[in-house]
Amino acid sequence: MRFLRTALLLAFVSVIAMPAMSMAASDISPAKRAAIIQLMETTGSKNIGLQMGSAMTQNLVTAMKTGNPDLPDRAVAIVAEETRKLVEQRIDGLLKTIVPIYDQYFTADEINELLAFYQTPIGKKAISVLPRLTQASMLAGQKWGQELVPELVKTLQDRFQAKGIETK
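No experiment lies behind these values; they were computed from the predicted model shown.

With that settled, consider helix α3 (residues 48-67). Each turn of an α-helix holds 3.6 residues, which means side chains three or four residues apart point in the same direction. A rise of 1.5 Å per residue sets the reference length of α3, with its 20 residues, at 28 Å; its end C-alpha atoms lie 29 Å apart and thus fit the reference within 8%. Within α3, burial applies to G49, G53, M56, T57, L60, V61, A63 and M64. The arc that holds the buried residues of α3, viewed along the axis, is 165°, so those residues lie on one side. Residues of α3 that are exposed and point more than 90 degrees away from the buried face comprise Q58, T62 and T66.

Below, the structure written as structure tokens:
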């Protein structure tokens, strides 16, 4: 059970780790709040919680399989089911924290301009391809980062040795 808790915490943190932002409630006008929610619905970003739940599931299963390579498929199915249910139950809480972030970065006029843009053919195309483009870019970035690891490890080992630092 302790391993499961640790794996879950690591999976969750790996999904949500990002620079800290102020999530303080701000005075967002009802019209701007509605426009932000409409923008999130239009672009599909309102579904970010479901995407995070999917990523949490993948990270949790990977962590669990590291500690237990013989993890049965039914356990993986339970993890996916329970994560999805919890995310769906709590999605409104996530939206309440995201609306102020949009408010922080966009004026009401800019939100309305974005809404107008996403009604155009290129805006609709952007909505349809950006999730796949983002996923492919993230995978490319992960692969690139993994390719750097051996070189970084060698460089660090050489530097540590030159400075008389022993590592285990």
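After presenting the structure, the write-up continues.
Here the focus is the packing of aromatic side chains. In this description, an aromatic ring pair is defined by two values, namely the gap between the centres and the angle between the planes. Throughout the structure, instances matching the rule amount to two aromatic pairs. Note on Y102 and F106: the rings are 6.4 Å apart at their centroids and 40° apart in plane angle, and the pair reads as tilted. Among the residues examined, Y102 registers a relative accessible area of 18% and is labelled buried. Ring plane angle 65° and centroid distance 5.0 Å describe the contact between F117 and Y118, whose orientation is recorded as edge-to-face. The partly exposed category is assigned to F117, whose relative accessible area is 34%. When its relative accessible area of 16% is taken as the criterion, Y118 is described as buried.

The next thing to look at is the nonpolar core. If you look at the biggest cluster of nonpolar residues, it comprises 13 residues, and the most contacted ones within it are I36, L39, M40, V99, Y102, I111 and L115. Contacts of I111, omitting those with residues within four sequence positions, involve K32, A35, I36, L39, Y102 and F106. Core analysis: the next-biggest nonpolar cluster, separate from the first, contains six residues, V61, L71, A75 and V79 among them.

With that out of the way, let us pick up the pattern of salt bridges. In the structure shown here, the tally under the stated rule is six salt bridges. One salt bridge in this structure joins K85 and E82, with 3.2 Å as the shortest N-O distance. Placement of the pair is K85 and E82 together in helix α4 (residues 73-105), with a separation of three residues, close to one helical turn. We classify K85 as partly exposed; its relative accessible area is 32%. Here K143 and E147 are joined by a salt bridge, their closest N and O atoms 3.8 Å apart. Pair noted here: K143 and E147 are both in helix α6 (residues 121-162), with a separation of four residues, about one helical turn. Three or more residues are tied together by salt bridges with common partners; here these are E81, E82 and K85.

The rules behind the values
Residues numbered from 1 in each chain as written. Predicted model: local features only at pLDDT ≥ 70, side-chain atom pairs only at ≥ 80, totals over all residues. Heavy atoms only, no water. Helix = DSSP H or I, 4+ residues; strand = E, 2+ residues; numbered from the N terminus. Expected span 1.5 Å × (residues − 1). Buried < 20%, exposed > 50% of the residue type's maximum accessible area, 1.4 Å probe, protein only. Arc of directions from axis to C-beta. Phe/Tyr/Trp six-rings, centres within 6.5 Å; stacked < 30°, edge-to-face > 60°. Core = buried A, V, L, I, M, F, W, Y, C linked by side-chain atoms within 4.5 Å. Contact = heavy atoms within 4.5 Å. Salt bridge = Lys/Arg side-chain N within 4 Å of Asp/Glu carboxyl O.

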